[in-house]
Amino acid sequence: MSIYPVLALILASSAATASAPALPPGRWDVTSTVVELTVPGVPGFLVRMMRGKSKAERKHLTLGQGIEALLIPDPKAQCRVDSQKVAGGRYAQALSCPQKRGDPMHIARVGTYDRTGFVGEAIVTGITPKGAMKIVLNQRAARVGD
């Protein structure tokens, strides 16, 4: 299993329940930065190269949408929202994302939010053909334009 499809899926993965305050409409970026990467079978130099790398997912919010709209997973990832709580300036979300082979990956996201976006962490765990993997991402959502 190549690390690149796994990272593309994770970085693209960013679910709607409780109603948070509306955010300003416009273009928003949800940026994920690799903090920690443990994937069996991936050469050490690739792990070192990927640490600190970021990828932004562009979202467009319309009038009246809240932080939940920024937490919705990318449909291409086919992730399922197992649970989500958005209230009081804090969010927590659990996702299951299918793999081509084997059990799904699990993503646990937690952080804080306000009208300017969110800041948090996503921890991705799963099993690859070569063993257990774990990826830790710092995530940030910010408005970038109209």
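In this numbering scheme, every chain counts its residues from 1 along its sequence in written order. For this predicted model, a pLDDT threshold of at least 70 governs which residues receive local features, and a threshold of 80 or more governs which side-chain atom pairs are given and counted, while totals over whole chains, interfaces and linings are taken from all residues. Processing note: side-chain calculations cover all non-hydrogen atoms of the structure and skip hydrogens and water entirely.

Asks: Any chance you could explain the nonpolar core here in plain terms?
Replies: Most often, soluble globular proteins have nonpolar side chains that are buried together. Residues belong to one nonpolar core when they are buried, are Ala, Val, Leu, Ile, Met, Phe, Trp, Tyr or Cys, and are joined through side-chain atoms within 4.5 Å. Type-normalised accessible area, obtained with a 1.4 Å probe on protein chains alone, sets the label of each residue: buried when under 20%, exposed when over 50%, and partly exposed for intermediate values. In terms of nonpolar packing, the biggest core is built from 18 residues, with Leu37, Val39, Cys97, Ile107, Val124, Met133 and Ile135 touching the most fellow members. Within the residue set of this core, elements represented by two or more residues are strand S1 (26–38), helix H2 (44–50), strand S4 (90–97), strand S5 (105–114), strand S6 (117–128) and strand S7 (131–145). Secondary structure elements follow DSSP: runs of H or I no shorter than four residues count as helices, runs of E no shorter than two count as strands, and numbering proceeds from the N terminus.

Asks: Just to check I follow, could you spell out the environment of Gly64 for this structure?
Replies: Counting through the fold element by element, Gly64 comes out in the loop between strand S2 (54–61) and helix H3 (67–71). Exposure remark for Gly64: the relative accessible area of 54% places this residue in the exposed category. Measuring from C-alpha to C-alpha, the distance between Gly64 and Leu23 comes to 6.9 Å, with 41 residues separating the pair along the chain.

Asks: Quick question: what am I supposed to make of the side chain of Lys59 here?
Replies: Looking at the secondary structure, you find Lys59 in strand S2. At 2.6 Å, the side chain of Lys59 forms a polar contact with the backbone oxygen of Ile72. By the criterion applied in these results, polar contacts are pairs of N or O atoms within 3.5 Å in which, for protein atoms, one can donate a hydrogen and the other can accept it, and in which residues neighboring in sequence qualify only through two side-chain atoms.

Asks: Would you take a moment to explain the environment of Lys85 for this structure?
Replies: One can find Lys85 in strand S3 (residues 80–87). For Lys85 and Val110, which are 25 residues apart along the polypeptide, the C-alpha to C-alpha distance reads 9.5 Å.

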